[in-house]
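Working through the structure, step by step
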Amino acid sequence: MKQAAFPKLLSSQIAFDIAHTILDGFDKHYRLFRQASQVARQHFETANWTVAQQAARERIDFYDKRVLECVQVLEDEYDDSELSDSVWRETKLHYIGMLSGHKQPELAETFFNSVCCNILHRTYFHNDFIFVRPVISTEYIDTEELLPTYRVYYPATDGLRFSLKRIVTNFQLNCKFANLDRDIAQLEECLLHKLGGDAPEPNYQIQVLSNLFFRNKGAYVVGKVINGTQEFPFVVPILHNRHCELVLDAVLLDHAQITILFSFTRAYFMVDMEVPSAYVQFLRTLLPRKPRSEIYTILGLQKQGKTLFYRDYLQHLKHTADRFEIAPGIRGLVMLVFALPSFPYVFKVIKDFFPAPKETTRAQIKEKYLLVKHHDRVGRMADTLEYSNVAFPVERFSEELIAELLHHAPSLVEFEGDRIIIRHLYIERRMVPLNIFLSNAEAAGNDALIEHGVIEYGNAIRELVAANIFPGDMLYKNFGVTRQGRVVFYDYDEIEYITDCNFRDIPQPRNEEDEMSAEPWYSIAKHDVFPEQFGAFLLGNAKIKQYFMKHHAELLTKDFWQSRKQRIMDGFIEDVFPYPQHIRFRNQAPAFAPATTPPHLENLNNE
Ligand SMILES: Nc1ncnc2c1ncn2[C@@H]1O[C@H](COP(=O)(O)OP(=O)(O)OP(=O)(O)O)[C@@H](O)[C@H]1O
């Protein structure tokens, strides 16, 4: 650090100034974060999808940028010798004082941790210096002078149809509805059906979060209906039709459908939230089984999600006794994957060296994982949490796992007393590897399950393609099956953009020698892909082949891949619905629906 330009200040003053600098850094971050969410609304109104996607991607990096800016300011302003342990202790105390009355205190605490962890050695990562435990409660934030987090409507007074119309018009979207009365009538019908003819009780009301949730081409109204002891959530997606007018596209009332909308395999929502903890609190009443960490993450507050996840993980460790083991399935060539049986996540470590045919580096693999973090995951790629220096109790690791770690990733492993520190890893939701799922289904003689797995597998590939992702390695072991039976891709080291790939037919042999050749006689460039060869790797099993050819035979043709690539290059952004087609209101065609929707795509999002 540079020499301080001014005479040495009192340590308490230094601590106060540091705390101030960090909080200023956080406030700037959150101001920009909110601005991005406000602009998302304009992108939606003007159907500016390419820019909207770009803005959503850029927002993911805001946090790290602000943390690094803040670290830089502190390094420039203070000399190491001024920053004693007591200064850091006092900094935390001053910071706590400054958070009284703050609207995002939990996020500000996390930001403090991020800045301090960049500056301090990890021996300082305990509650004296950083917020290992949260200090400020978010439960009683004074929201009186703020806009309310949610609005309440009373259908018993105004009539359900009128209330529903007001809910939608209150958002004041600067865009014309094609036929709002028609859509409201359909929405009313669905809600009345769900209410089941119960008479209105004195507490009959509809609560709706005050701001819309934006993602891809959709804006979502999120709320719940209360009548007596009955309470149920609902989400209404608003889309543009092909004339660039707005339509209410559906209403999601089913718990599973709403859970899927907020899934870990999707891009983060853009929502303008003054008090994010109040949004999380509301959403938890709709999704009681979703941990708070996942709700923060899906709202784009992924660092808060990461912090809460880590706290949950430490709690889990305290209350269990099982051991970390190598994850079931075929071992990876580039990743060492382990899991704790009682915990629904896997831990992935990049190996130090990779056998042939892998030609990659740790830096390239990290880049691919980062690409996925920033990309629209369209419900088909698992989100990952990236951590540095994670400490595990050694006694919870199996001997085999320790031996594998020391063999495959010695540069990332360090022992410190009774702890094993892993310098870098990814954490991801645990799924059943598709190869295991299919062989279990076959062993059980369950053809319906095999068919389901194959349909889902092909659909996952189609949706990845729609999002401009070529999975690279399409073997079943690289896909997992979620608890809802959806197939999701998780092996990112070979992914490429579809637009970077060159899809080719295998050339006709020129002569007999070509025909007999064991090796390809034609030249192959780095990004060349031969779809007709996929069958050789994927369709060795007769049952799988039968179902694959029934539902997805076109994936083996160059034309399929080439035509999708062309659409993307023409600037077409595909519609990928995070809810099933059958719940869509009648007469609603999306603005840019694929020209022909194959029938099996109808169920694409039926997670
Ligand atoms: N999210 C997950 N849930 C359950 N198991 C997983 C998960 N991710 C990975 N695995 C298991 O770990 C194995 C290796 O993981 P992964 O495919 O990410 O590694 P890799 O080294 O990139 O593989 P490859 O050698 O195909 O490149 C998988 O085949 C699977 O058995």
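Every value quoted in this text rests on a predicted model; they were computed, and no experiment measured them. (Residues numbered from 1 in each chain as written. Predicted model: local features only at pLDDT ≥ 70, side-chain atom pairs only at ≥ 80, totals over all residues. Heavy atoms only, no water.)

**Structural notes on the overall build of the protein chain**
For the protein chain, the count of helices and strands is 19 helices and 19 strands. Against the 2.2 N^0.38 benchmark of 25 Å for 607 residues, the protein chain shows a C-alpha radius of gyration of 26 Å, consistent with a compact globule. A principal-axis box enclosing the C-alpha atoms of the protein chain has dimensions of 85 × 70 × 45 Å. Considering only intrachain contacts with a sequence separation of at least 6, the fraction spanning at least 24 residues in the protein chain is 71%. With the model as given, the accessible surface of the protein chain reaches about 27500 Å², and the carbon-plus-sulfur share is 53%. A distance of 2 Å separates the average location of the 67 positive side-chain charges in the protein chain from that of its 80 negative side-chain charges. (Helix = DSSP H or I, 4+ residues; strand = E, 2+ residues; numbered from the N terminus. Rg over C-alpha atoms; globule rule 2.2 N^0.38 Å. Contact = heavy atoms within 4.5 Å. Areas by Shrake-Rupley, 256 points an atom, 1.4 Å probe, with all protein chains shown as cover. Lys, Arg positive; Asp, Glu negative; His and termini not counted. Charge placed at Lys NZ, Arg CZ, Asp CG, Glu CD.)

**Comments concerning the confidence of the model for the protein chain**
Here the protein chain averages 90 in pLDDT, and 93% of its residues register 70 or above. For residues 1-8, every residue scores under 50 in pLDDT, and the model assigns this stretch 16 contacts once sequence neighbours within four places are set aside. Across residues 589-607 the pLDDT falls below 50, and counting only partners more than four positions away or on other chains, this stretch makes 55 contacts in the model. (pLDDT = per-residue confidence, 0-100.)

**Concerning the site of the ligand**
Neighbouring the ligand are 22 residues, the closest being Leu 333, Val 334, Met 335, Lys 358 and Lys 477. Between an oxygen atom of the ligand and a main-chain N or O atom of Ile 330, the distance comes to 3.0 Å. In this structure, an oxygen atom belonging to the ligand sits 2.8 Å away from a side-chain N or O atom of Asp 493. Considered on its own, the ligand offers 620 Å² of accessible surface; in the complex 98% of this is hidden by protein. For the shell around the ligand, the elements supplying multiple residues, two or more each, are strand S8 (335-339), strand S9 (345-350) and strand S12 (419-429). (Near = heavy atom within 4 Å. Polar contact = N/O pair within 3.5 Å; in protein donor to acceptor, adjacent residues only side chain to side chain.)

**Observations regarding helix H18 (residues 542-552)**
What H18 keeps buried is the set Ile 544, Tyr 547, Phe 548, His 551 and His 552. Projected onto a plane normal to the axis of H18, the buried residues spread over an arc of 105 degrees and lie on a single side. Turned more than 90 degrees away from the buried face of H18 sit Ala 542 and Lys 550, all of them exposed. Structurally, H18 contributes buried residues whose contacts are with helix H14 (434-443), helix H15 (447-466) and helix H17 (534-538). Between a side-chain oxygen at the N-terminus of H18 and the backbone nitrogen of Lys 543 the separation is 2.9 Å; the capping residue is Asn 541. (Buried < 20%, exposed > 50% of the residue type's maximum accessible area, 1.4 Å probe, protein only. Arc of directions from axis to C-beta.)

**Examining the packing of aromatic side chains**
If you walk through the whole model with that rule in mind, you get 48 aromatic pairs. Ring geometry for Phe 309 versus Phe 343: centroids 5.8 Å apart, planes at 50 degrees, classification tilted. Taken together, the residues span a long stretch of sequence, with Phe 309 in helix H11 (residues 302-318) and Phe 343 in the loop between S8 and S9 at a distance of 34 residues. Each member of the pair, Phe 309 as well as Phe 343, is classed as buried. Through a chain of ring-to-ring contacts, the aromatic side chains of Phe 309, Tyr 310, Tyr 313, Phe 324, Phe 338, Phe 343, Tyr 345, Phe 347, Tyr 387, Phe 392 and Phe 397 assemble into a single cluster. (Phe/Tyr/Trp six-rings, centres within 6.5 Å; stacked < 30°, edge-to-face > 60°.)

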